Amino acid sequence: MTEPDYAALENDLKELLGPRGVSRDSRQREKASVDGARMSPIIAELLPLGIADLVAFPTTAEEITGVVAAAVRHRVPVTPRGKGTGNYGQAIPMSGGLVLDMSRARTVIGVSGDTITADAGVPITALEQAARAAGRQLWMYPSTVHSTIGGFLSGGSGGTGTILHGSNDAGFVAALDVVTPESDGELLHVEGDEAQGFVHNYGTAGIIARATVRLEPAQDWRGLYASFADFAGSLSVLRKLGRLQPAPRLVSADTPHITAQLPPDDAFPAGRSSLRMIVDASIVAEATAIIEGAGGRIEDVREGPSVSAALSVLSYNHPIEWLQKSEPGVYFHVEVSGDALVERIDEVHAVYPGGLLHIEAGHTVPIGMLAGIYESPEAVYAGIEKLGELGVGVHNPHQWNVDFRLQETLELAQTTDPQGLLNPGKLNPEYAGPTKGAIR
């Protein structure tokens, strides 16, 4: 294989993007070569896993296509990147090469009926704002609300809205415009089932340059903050609250210890378990009755345009991040799911020393993040086996291999990227560990 020609690629990219659209500055390259992988002590011990040779900053879907075409001409591997908020090393350029930073491609094309189209670098907050202006809202968005739509589709899976709509591969995507080494420098438009093949595979089969995703009529949301004397109280109502109609956008709960690590708020009284909801205004009274009937109390009900974002950033893995910040170097986590999280919580907590669960009302069963005191990789993997024995589904956030529809992605990439230039190191045909599908 011909060696990569970085000098020629840099010249081509300066022509395409201008002198500020490409960088070989060491600080820029280092910044573009990390993501949220330090959340995993296992991955953190291995860093750095790769450093970019060049970083490109396209501003449109068409420029993204041109950058990929130039990299292919010069045999340079390409690692796509949004805001770098992923936690598993998906955006780390393990073979060096070019990091394709798409965070400047921020054009919202527009709303059309019940869909919205935007370039890959548009922040989720901007998409929701555009949808709201048209009387609509996104089906779902990730807990990191400032991440990009391309990053969410390539590396994320669910979040706010998942209770009703499931994960982001389950109909959220209406169409994609992708670029591959075999697309001859053109955007490849795919719709429906064909588009799903490019979701949650870290850009290994094709890089999302533009996306069209589903909207629904806007709702009048409230942020409901409740608390219980202990975690068992929150667990006792979580599934019932998640089944209310119209469906809540989010139902989250934490142990008293995790609650104490969240940002200071009068709605988080000391020593109590916090339960939080994004709930339609029409069912606040019903939710309140369920909570108070189980011995809980309402701490606050908030409204306004920022209420959903404020609660979203306290969901999924974010409470574990606050826990890690409060006691650096102590905790790790695994992603978990199943009714056992409610029905066998004491056994689940006992799997790891210092076990603490953050829980969400999921699409079909509860899902969450189980934190524990980190001892060794072997102890983490042994705990994953124990959780399986308890009937808990597990996803392992301590590895960077594509772990969702792996065989389908391998087959697609053989057609779209036969030379293996897209995000090399992430598509491992031998991977046989826990899969992302285990917690859906």
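Not measured: the values here are computed from a predicted model. (Residues numbered from 1 in each chain as written. Predicted model: local features only at pLDDT ≥ 70, side-chain atom pairs only at ≥ 80, totals over all residues. Heavy atoms only, no water.)

Our next topic: the domain arrangement of the protein chain. Segmentation of the protein chain into domains returns domain 1 (108-218) and domain 2 (221-395). Here domain 1 meets domain 2 over a buried area of about 1,300 Å², counting both sides, of which 54% is carbon and sulfur. Three residues stand out in domain 1 for area buried against domain 2, namely Ser-143, Thr-160 and Ile-163, and they jointly supply 47% of the buried area on that side. The interface formed by domain 1 and domain 2 includes one salt bridge. Where Arg-249 meets Glu-128, a salt bridge forms, and the shortest distance between an N and an O atom there is 3.1 Å. If you look at where domain 1 meets domain 2, you find 13 residue pairs in polar contact (both at pLDDT 80 or more). Elements with a contribution of two residues or more to the side of domain 1 that touches domain 2: helix H5 (124-133), strand S7 (136-138) and helix H7 (162-165). The leading source of residues in the side of domain 1 that touches domain 2 is H7, at four residues. Its residues placed into classes, the side of domain 1 that touches domain 2 shows five nonpolar, nine polar and two charged. (Domains from an automatic or database assignment. Buried area = accessible area lost by both parts, 1.4 Å probe. Salt bridge = Lys/Arg side-chain N within 4 Å of Asp/Glu carboxyl O. Polar contact = N/O pair within 3.5 Å; in protein donor to acceptor, adjacent residues only side chain to side chain. Helix = DSSP H or I, 4+ residues; strand = E, 2+ residues; numbered from the N terminus. Nonpolar A, V, L, I, M, F, W, Y, C, P; charged D, E, K, R; others polar.)

Soluble globular proteins: nonpolar side chains tend toward being buried together. Leu-241, Met-277, Val-334 and Leu-387 are the most contacted members of the largest nonpolar core, which has 43 residues in total. Looking at which element gives the most residues to this core, the answer is helix H9 (residues 231-242), with five residues. In this structure Leu-241 touches Pro-248, Val-251, Leu-275, Met-277, Ala-287, Ile-290 and Ile-291, once residues within four positions along its chain are discounted. Counting residues in hydrophobic clusters, the runner-up holds 28 residues, among them Leu-176, Val-190, Ala-205 and Val-213. (Core = buried A, V, L, I, M, F, W, Y, C linked by side-chain atoms within 4.5 Å. Buried < 20%, exposed > 50% of the residue type's maximum accessible area, 1.4 Å probe, protein only. Contact = heavy atoms within 4.5 Å.)

Between its first and last C-alpha, H9 extends 17 Å over twelve residues, near the 16 Å set by a 1.5 Å rise per residue. Listed as buried for H9 are Phe-231, Gly-233, Ser-234, Leu-235, Val-237, Leu-238, Leu-241 and Gly-242. (Expected span 1.5 Å × (residues − 1).)

For the rest of this paragraph, the subject is unusual backbone geometry. In this structure, Pro-48 follows Leu-47 across a cis peptide bond, with omega equal to -5 degrees. Turning to its location among the elements, Pro-48 is positioned in the loop between helix H3 (41-44) and strand S2 (54-56). Following Gln-245, the chain continues to Pro-246 via a peptide bond in cis, the omega torsion being -5 degrees. Summarising the element assignment, Pro-246 is placed in the loop between H9 and strand S12 (250-254). Backbone geometry places Tyr-202, a non-glycine residue, at a positive phi of 60 degrees. Tracing the backbone shows Tyr-202 in the loop between helix H8 (192-196) and strand S10 (207-217).

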